[in-house]
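The lines below spell out each chain.
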Amino acid sequence: MDRNAEFKRWKAQGLSKADLSRKGSVDEDVVELVQLLNGREQYFTTSSCAGRIILLDGNINGFEVQKQNCCWLLVTHKPCVKDDVIVALKKANGDAILKFEPLILHVQCRQLQDAQILHSVAIDSGFRNSGITVGKRGKTMLAIRSTHGLEVPLSHKGKLMVTEEYIDFLLKIANQKMEENKKRIERFYNCLQHALEKETITNSHPKEKIKDKNNSSYTHKKKRNPEACGKCIEENDKELENDDDPGISVTIFPEDY
C-alpha cells in the first residue's frame, strides 16, 4: 500500500476511536492545539493530557508510582488549594503521592520529516523531553513532553508524614509549574502555527524547499533554528539557557509496533 494512503487509513481509524481516558474528552487547554494538528493532513493525535495535579494512594515501586495499582484521590487540571488535598488525604490508606505532570501529547506523523518539524517546534517552545520513535512498519510517532514535573510522598501506610504548612508550600510550587506549563502550551501553539505556515509556503515553492533541505537544522544533532518561531524562542531562551542541547532521539521499534 502507498505510504500516504496507509497513513490516511491510520488517521481515519485513530480519529474515529472512542476517547477511553478517565475524563472522556480532550482537556480544555489543548483543544485548539489538538484541532490544529488533526486539521493537517500530515498529523493526528493519539493521546493527550494538558497537565494535571494528582494525588495518588498506592504502593511505591522504587521512585515511581504504579498508577494502575493505586487509587486516584484527587485529579485537577487547574490550580489546586490546600483544603482539597487535606480532605482527599483522609481517604488515603497506603502511600499517598502528590504529583504535577506537565503536558504529554502523542502525535503520529506521516513521515520523519514531518515529525522533525514538530519536534523542533516542541523543543523551542520548552518541551525539552520530546522525542521521535519510528516503527519498522512505517509508523512515526512524536511524544511531546517536558521535564518540569513534581512528585512528593505525603503519607506512609495512611499516616501523614508532613505538615499542612509543607503541603501548602508544595501546592504553591505545583501551581507555579501548572502556570508555566500553560504558557508553554500557548507558546507551542503559536510557534506551530508559524512553522506550518512556513512549511506550506515552502512546499508551494520547490526551489525554496531544496534550499531549506540544504540548510536543514537536522544534521547529526538538531541545532536550534533562530527562524523557527522568532519571538517564541526569544521569550524562551532565559529559562532554557542552562539546558543541554537535547538533540534528536530516533528509536526503531520491532516489526509488530
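First things first, this report covers the structure right here in the doc. All figures in this text were calculated on a predicted structure; none of them were measured in a lab. (Residues numbered from 1 in each chain as written. Predicted model: local features only at pLDDT ≥ 70, side-chain atom pairs only at ≥ 80, totals over all residues. Heavy atoms only, no water.)

A short note on the sheet that holds strand β6 (residues 95-101)
Link 1 in the chain: Strand order in the open sheet formed by four strands is β5-β2-β6-β10, with antiparallel pairing between adjacent strands. Of all the strands in the sheet, just β5 (71-76) and β10 (150-153) have a single pairing partner and so form its edges. Taken over all neighbouring pairs, the strand axes of this sheet differ in orientation by 15° on average, direction set aside.
Link 2 in the chain: When β6 meets β10, the two strands line up antiparallel, connected through four bridges. (Pairing = 2+ DSSP bridges. Helix = DSSP H or I, 4+ residues; strand = E, 2+ residues; numbered from the N terminus. Axes fitted to C-alpha atoms, helices over the stretch in contact; angles between N-to-C directions.)

Considerations on the nonpolar core
Link 1 in the chain: Membership of the largest hydrophobic core comes to 28 residues, with the highest contact counts inside it found for L105, L118, I144 and F188.
Link 2 in the chain: Counting residues per element, the ones that place at least two in this core are α2 (31-38), β7 (104-109), α4 (112-124), β8 (131-135), β9 (140-145) and α5 (164-203).
Link 3 in the chain: Broken down by element, the residue count for this core peaks at seven residues, all from α5.
Link 4 in the chain: When near neighbours in sequence (up to four residues on either side) are disregarded, L118 contacts L37, Y43, V107, L142, I144, F188 and L192. (Core = buried A, V, L, I, M, F, W, Y, C linked by side-chain atoms within 4.5 Å. Buried < 20%, exposed > 50% of the residue type's maximum accessible area, 1.4 Å probe, protein only. Contact = heavy atoms within 4.5 Å.)

Notes on helix α3 (residues 82-89)
Link 1 in the chain: Residues of α3 that are buried: V85, I86, A88 and L89. Around the axis of α3, the buried residues are gathered within 165° of arc, so they sit on the same side.
Link 2 in the chain: Lining the buried residues of α3 we find β2 (52-58), β5, β6, β12 (159-160) and α5. (Arc of directions from axis to C-beta.)

Regarding the packing of aromatic side chains
Link 1 in the chain: Per the counting criterion, the structure on display carries three aromatic pairs.
Link 2 in the chain: Here K139 stacks its cationic end above the ring of W10, 5.3 Å away from the centre of that ring. (Phe/Tyr/Trp six-rings, centres within 6.5 Å; stacked < 30°, edge-to-face > 60°. Lys NZ or Arg CZ within 6 Å of the ring centre and 35° of its normal.)

Section: the packing of α2 against α5
Link 1 in the chain: One way to put it is that α2 packs onto α5 with a least axis distance of 10 Å and a crossing angle of 20°. Here α2 is positioned roughly parallel relative to α5, judged by the angle of their axes. The two elements α2 and α5 cross, and the hand of that crossing is left-handed. Packed against α2, whose contacting residues are E32, L33, L36 and L37, the element α5 presents F188, Y189, L192, Q193 and L196 at the interface. (Parallel < 35°, antiparallel > 145°, perpendicular 65-115°, else oblique. Left-handed = near helix turned anticlockwise from the far one by under 90°.)

As for the packing of α3 against α5
Link 1 in the chain: Look at α3 against α5: their axes get within 9 Å of each other, and the N-to-C directions meet at 125°. For the element pair α3 / α5, the angle class is oblique. In terms of crossing hand, the pair formed by α3 and α5 is right-handed. On α5, the residues that touch K82, V85, I86 and L89 of α3 are E164, I167, D168 and L171.
Link 2 in the chain: Of the residues that constitute the contact of α3 with α5, the class distribution is five nonpolar, no polar and three charged. (Nonpolar A, V, L, I, M, F, W, Y, C, P; charged D, E, K, R; others polar.)

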